[in-house]
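Fold and geometry: a report
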Amino acid sequence: MVRLRLLPGSSEVESGLFALQAALGGGVLGYVLGRLRGRRSRATAEAPTSGPADTTP
């Protein structure tokens, strides 16, 4: 039978795993928020304006 050892050996390892988890979570959250903000700014930039068209070269 194969046993997985999921418990950290010491408090230093536990702290390191927690820091790694926090860094990965922060990276994912930053990526998602950046994508949402970019999508919103791109949608407003491509939206047609209601004013007269500028025909100057």
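Each remark here, short or long, concerns the structure printed above.
Reference entry: report on the structure contained in this document. Just so it is clear, the model here is predicted, and its values are computed rather than measured.

The subject of this paragraph is the overall build of the protein chain. Within the protein chain, the secondary structure is distributed over one helix and zero strands. Of all 57 residues assigned to the protein chain, the portion counted as buried reaches 0%. Accessible surface, the protein chain: about 5900 Å² in total, of which carbon and sulfur atoms supply 62%.

Okay, a nonpolar patch on the surface next. Taken together, the side chains of Val28, Leu29, Tyr31, Val32, Leu33 and Leu36 make up a nonpolar region of the molecular surface, amounting to roughly 600 Å² of accessible area. Following the sequence through the fold, Val32 ends up in helix H1 (residues 11-46). Take Val32: its relative accessible area is 40%, and that puts it in the partly exposed class.

Definitions and cut-offs
Starting afresh in each chain, residues are numbered from 1 along the sequence in its written order. With the structure being a predicted model, the display of local features is reserved for residues of pLDDT at least 70 and the display and counting of side-chain atom pairs for 80 or more, all residues being used for whole-chain, interface and lining totals. Side-chain figures throughout are based on the complete set of non-hydrogen atoms in the structure, without hydrogens or water. Elements are defined by DSSP. Helices are runs of H or I of four residues or more, strands are runs of E of two residues or more, and each kind is numbered from the N terminus. Residue exposure (1.4 Å probe, protein chains only): buried if accessible area is under 20% of the type maximum, exposed if over 50%, otherwise partly exposed. Per-residue and other accessible areas were derived by the Shrake-Rupley procedure at a 1.4 Å probe size, with only the shown protein chains allowed to occlude residues. Residues enter a patch when their relative accessible area is above 30% and they make no salt bridge; the linking distance is 9 Å between like charges and 5 Å between nonpolar side chains (Val, Leu, Ile, Met, Phe, Trp, Tyr). Salt bridges are counted wherever a side-chain nitrogen of Lys or Arg sits within 4 Å of a carboxyl oxygen of Asp or Glu.

Nothing here speaks to function; it is geometry throughout.
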